[in-house]
Amino acid sequence: MAAEDRIRWDELYQARSTEPYPAPDPLLLTSVPPAPTGLDEPPRALDVAAGRGQNGLWLAEQGYAVDLMDISRVGLLQARAEMTARNLRNVNLLPVDLDEVELGLERYHIICGFRFLKRHLFPQFRRALVVGGRLIYETFNQRYAAIRPPFKPDYLLEIGELAALFSDWTILHYEEDSHVTRLVALKPHPEGQNA
Ligand SMILES: C[S@@+](CC[C@H](N)C(=O)[O-])C[C@H]1O[C@@H](n2cnc3c(N)ncnc32)[C@H](O)[C@@H]1O
């Protein structure tokens, strides 16, 4: 399945290679705090299923050291070309299958994901963010099936699903419109207070 996805997305990004490089998602622009300073290492961010990397590269421009993960090497190559054009160095391009990945423990200050859903990753996001870290997530919900059927239900969030999954976090923004759900949430201290 992952191999099929890689081929499909490689072909799609190849076909789009002459199109202008995409802009970062508006939710990201309004949800990212200034990169914390005074740390031993630069604050880290992760863009999951980054595609051509427009969101992760914008995070790098804000001072985060960014991991871009995607299965499509063609998408990541386009991200590399854009990195070079913008003279960005603090970005790791990681060709990974997110069905297989282990994100680790308390590594990231920001995790963002756009237009991608693998439910098994949500518990990993919870672990992989530092306390006070921020999850910024936006993807299609079940209402989208009415607009663009047939759409695989596995790839669509249920209404209220993300709010329920992160009900023990501080939700800074939650929105479900006619086709997408948007969440911005802070990981709390273990005792329940935010940094
Ligand atoms: C709809 S695109 C979204 C890309 C980007 N987040 C954006 O908003 O432009 C979905 C992305 O998921 C990636 N993808 C699909 N299956 C994957 C997997 N198993 N592991 C890693 N990436 C995957 C595709 O290569 C593609 O870049």
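Details of the structure are given in the entry above.
Quick look at the structure, then. (Residues numbered from 1 in each chain as written. Predicted model: local features only at pLDDT ≥ 70, side-chain atom pairs only at ≥ 80, totals over all residues. Heavy atoms only, no water.)

### Let's talk about the sheet that holds strand S1 (residues 44–48)
Right, on to step 1. Taken in spatial order, the seven strands make up an open sheet running S3-S2-S1-S4-S5-S7-S6, and their pairing is mixed. Of all strands in the sheet, those with a lone pairing partner are strand S3 (91–95) and strand S6 (170–176), marking the two edges. Direction aside, the axes of adjacent strands within the sheet are offset by 10 degrees on average.
Right, on to step 2. Two elements, strand S5 (residues 129–140) and strand S7 (residues 180–186), share seven bridges in a ladder whose sense is antiparallel. Of the residues in S7, the one forming a bridge with Glu 138 is Arg 182. (Pairing = 2+ DSSP bridges. Helix = DSSP H or I, 4+ residues; strand = E, 2+ residues; numbered from the N terminus. Axes fitted to C-alpha atoms, helices over the stretch in contact; angles between N-to-C directions.)

### Here's the deal with the packing of helix H3 (residues 54–61) against helix H4 (residues 73–86)
Right, on to step 1. Close contact between H3 and H4 brings their axes to 10 Å; oriented N to C, the two are set at 25 degrees. What the angle tells us is that H3 and H4 run roughly parallel. Seen along the crossing, H3 lies across H4 with a hand that is right-handed. Between H3, through Leu 57, Trp 58 and Glu 61, and H4, the contact on the second element is made entirely by Ala 79, Glu 82, Met 83 and Arg 86.
Right, on to step 2. Considering only residue class, the contact of H3 with H4 consists of four nonpolar, no polar and three charged. (Parallel < 35°, antiparallel > 145°, perpendicular 65-115°, else oblique. Left-handed = near helix turned anticlockwise from the far one by under 90°. Contact = heavy atoms within 4.5 Å. Nonpolar A, V, L, I, M, F, W, Y, C, P; charged D, E, K, R; others polar.)

### Remarks on helix H1 (residues 2–15)
Right, on to step 1. For H1, which comprises 14 residues, the first-to-last C-alpha distance of 20 Å matches the rise-based estimate of 20 Å (1.5 Å per residue) to within 8%.
Right, on to step 2. Those residues of H1 lying buried are Ala 2, Asp 5, Asp 10 and Tyr 13. Down the axis of H1, the buried set is contained in an arc of 130 degrees. They therefore lie on one face. Residues of H1 that are exposed and point over 90 degrees away from its buried face: Glu 4, Glu 11 and Ala 15.
Right, on to step 3. Of the surrounding secondary structure, the elements contacted by the buried residues of H1 are H4. (Expected span 1.5 Å × (residues − 1). Buried < 20%, exposed > 50% of the residue type's maximum accessible area, 1.4 Å probe, protein only. Arc of directions from axis to C-beta.)

### A look at the site of the ligand
Right, on to step 1. Taken together, 18 residues lie around the ligand, and Tyr 13, Ala 49, Asp 70, Leu 98 and Phe 114 are the ones closest in.
Right, on to step 2. Asp 70 places a side-chain nitrogen or oxygen 2.6 Å from an oxygen atom of the ligand.
Right, on to step 3. The backbone of Ile 71 places a nitrogen or oxygen atom 3.1 Å from a nitrogen atom of the ligand.
Right, on to step 4. Protein chains shield 94% of the accessible area of the ligand, which is 590 Å² for the free molecule.
Right, on to step 5. With three residues, the single largest contributor to the shell around the ligand is H1.
Right, on to step 6. Across the shell around the ligand, the residue classes tally to nine nonpolar, three polar and six charged. (Near = heavy atom within 4 Å. Polar contact = N/O pair within 3.5 Å; in protein donor to acceptor, adjacent residues only side chain to side chain. Areas by Shrake-Rupley, 256 points an atom, 1.4 Å probe, with all protein chains shown as cover.)

### A closer look at the side chain of Gln 78
Right, on to step 1. Mapped onto the elements of the fold, Gln 78 is located in helix H4.
Right, on to step 2. Reaching out from Gln 78, the side chain makes a polar contact with the side chain of Arg 52 at a distance of 2.7 Å.
Right, on to step 3. Among all residues touching Gln 78, those that are not within four sequence positions of it are Tyr 13, Gln 14, Ser 17, Tyr 21 and Arg 52.

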